[in-house]
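Listed here are the chains, written in short residue letters.
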Amino acid sequence: MRSSLLSTTLASLLVALVFAAPAAAAPTDPDPAFDGDGILVETSIEDEQGIYGGAVNLIGVHAGKIVTVGSTGGGQEWLIVRRNADGSLDTTFDGPSGTGNGIVELDLSSSYDAAYDVAITPVGRVVVVGRVRNTTTNKTEIGVVRLLAADGDDDTSFSTDGKITFGIDDAAAGQDAWAEAVALDGSDIVVGATAADG
């Protein structure tokens, strides 16, 4: 069912913010401070395949930052985008390459990778989960990436390079992580699924 839902995901990103509006606006009206009308349709990301998850940083110096994740590069790379509260790209979020300017693409295996969900830790670190193709077994595994809040660089306090991939069931045809949450103590909670082989 999840794959059928993903197959219908639009190639453009639609982000809408609602707010407790002043005066005559209804509480669920789009926030005009976000991209002028509260709605942003993303068409500037080259070869974007889809946006599957998002989170908003609610506390700290990065409060109001919006992070969305998906896939790009023909479905070969993880896509992580951070925007300011007004909808503009957060150009301080450069990623491990240092050249992201708000749009970070991670090539974790060069084959059939996608980021499906994102969570923000209490100190603003960006935790992304998804699938990564194991090029040796040709099966997908669960991937977790943690990036620093300040600039999106690898959080080397997490698995030395900020990235881990793992499988739970060696007999499964594929394994994906669909959802991510951060506990109050900062630990990660990952939810996913395995597919039967054959």
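Just so we're clear, the structure is a prediction, and the values are computed from it rather than from any experiment.

Asks: I tried to follow the overall build of the protein on my own but got confused; where do I start?
Replies: Per the secondary structure count, the protein includes one helix and twelve strands. Listing the helices and strands of the protein from first to last along the sequence gives α-β-β-β-β-β-β-β-β-β-β-β-β. When the 198 residues of the protein are sorted by exposure, 42% land in the buried category. The contacts in the protein between residues at least 6 apart in sequence include a share of 47% that link residues at least 24 apart.

Asks: Explain the sheet that holds strand 6 (residues 103–106) to me, please; I cannot follow it from the model alone.
Replies: The pairing of strands in a sheet happens through backbone hydrogen bonds and is either parallel or antiparallel. Pairing is antiparallel in the open sheet, where four strands are placed in the order 3-4-5-6. Strands with a single pairing partner mark the edges of an open sheet, and in this sheet they are strand 3 (50–56) and strand 6. Between one strand and the next, the sheet's axes are offset by a mean angle of 20°, whatever the strand orientation.

Asks: Would you mind going over unusual backbone geometry with me for this structure?
Replies: Phi angles above zero are rare outside glycine, and Ser-159 is one such case at about 60°. Position of Ser-159 among the secondary structure elements: in the loop between strand 9 (139–147) and strand 10 (163–166). Residue Ser-159 is classed as partly exposed on the basis of its relative accessible area, which comes to 33%.

Asks: Explain the pairing of strand 4 (residues 66–72) here, please?
Replies: Where a strand is regular, its side chains alternate between the two sheet faces. Along strand 4, seven of the seven residues are buried, which leaves the element largely enclosed by surrounding structure. Alternating positions in strand 4 separate into two faces, Ile-66, Thr-68, Gly-70 and Thr-72 on one and Val-67, Val-69 and Ser-71 on the other, with burial throughout. By the bridge criterion, six bridges tie strand 3 to strand 4 in an arrangement that is antiparallel. From the neighbouring strand, Gly-53 faces strand 4, where its bridge partner is Val-69.

Asks: Even after reading the chapter, I still don't get the pattern of salt bridges, so can you show me in this structure?
Replies: Close approach of charged atoms allows side chains with opposite charge to pair. Per the counting criterion, the structure on display carries five salt bridges. Through salt bridges that share partners, Lys-65, Arg-82 and Asp-90 make up one connected network.

Asks: Quick question: what am I supposed to make of a nonpolar patch on the surface here?
Replies: On the surface, Val-56, Leu-58 and Ile-59 cluster together into a nonpolar patch covering about 310 Å² of accessible area. With respect to the secondary-structure elements, Leu-58 resides in the loop between strand 3 and strand 4.

Asks: Looking at this model, I keep getting lost on the confidence of the model for the protein. Mind explaining?
Replies: Detailed reading of the predicted model is not advised wherever pLDDT is low. Of all residues in the protein, 68% attain a pLDDT of 70 or more, and the chain-wide mean is 74. Within the protein, the element-level pLDDT minimum falls on helix 1 (residues 2–7), averaging 36, and the maximum on strand 5 (residues 77–83), averaging 89. With pLDDT under 50 throughout, residues 1–23 is counted as low confidence; its partners more than four residues away or in other chains account for 51 contacts.

Asks: When you look at the side chain of Arg-83 in this model, what are you seeing that I'm missing?
Replies: With respect to the helices and strands, the residue Arg-83 is situated in strand 5. Among the residues examined, Arg-83 registers a relative accessible area of 8% and is labelled buried. Separated by 2.5 Å, the side chain of Arg-83 and the backbone oxygen of Gly-87 make a polar contact. Setting aside its immediate chain neighbours within four residues, Arg-83 contacts Leu-40, Glu-42, Gly-64, Lys-65, Ile-66, Ser-88, Leu-89 and Asp-90.

The rules we used
Residues numbered from 1 in each chain as written. Predicted model: local features only at pLDDT ≥ 70, side-chain atom pairs only at ≥ 80, totals over all residues. Heavy atoms only, no water. Helix = DSSP H or I, 4+ residues; strand = E, 2+ residues; numbered from the N terminus. Buried < 20%, exposed > 50% of the residue type's maximum accessible area, 1.4 Å probe, protein only. Contact = heavy atoms within 4.5 Å. Pairing = 2+ DSSP bridges. Axes fitted to C-alpha atoms, helices over the stretch in contact; angles between N-to-C directions. Salt bridge = Lys/Arg side-chain N within 4 Å of Asp/Glu carboxyl O. Patch = residues over 30% accessible without salt bridge, like charges linked within 9 Å, V, L, I, M, F, W, Y side chains within 5 Å. Areas by Shrake-Rupley, 256 points an atom, 1.4 Å probe, with all protein chains shown as cover. pLDDT = per-residue confidence, 0-100. Polar contact = N/O pair within 3.5 Å; in protein donor to acceptor, adjacent residues only side chain to side chain.

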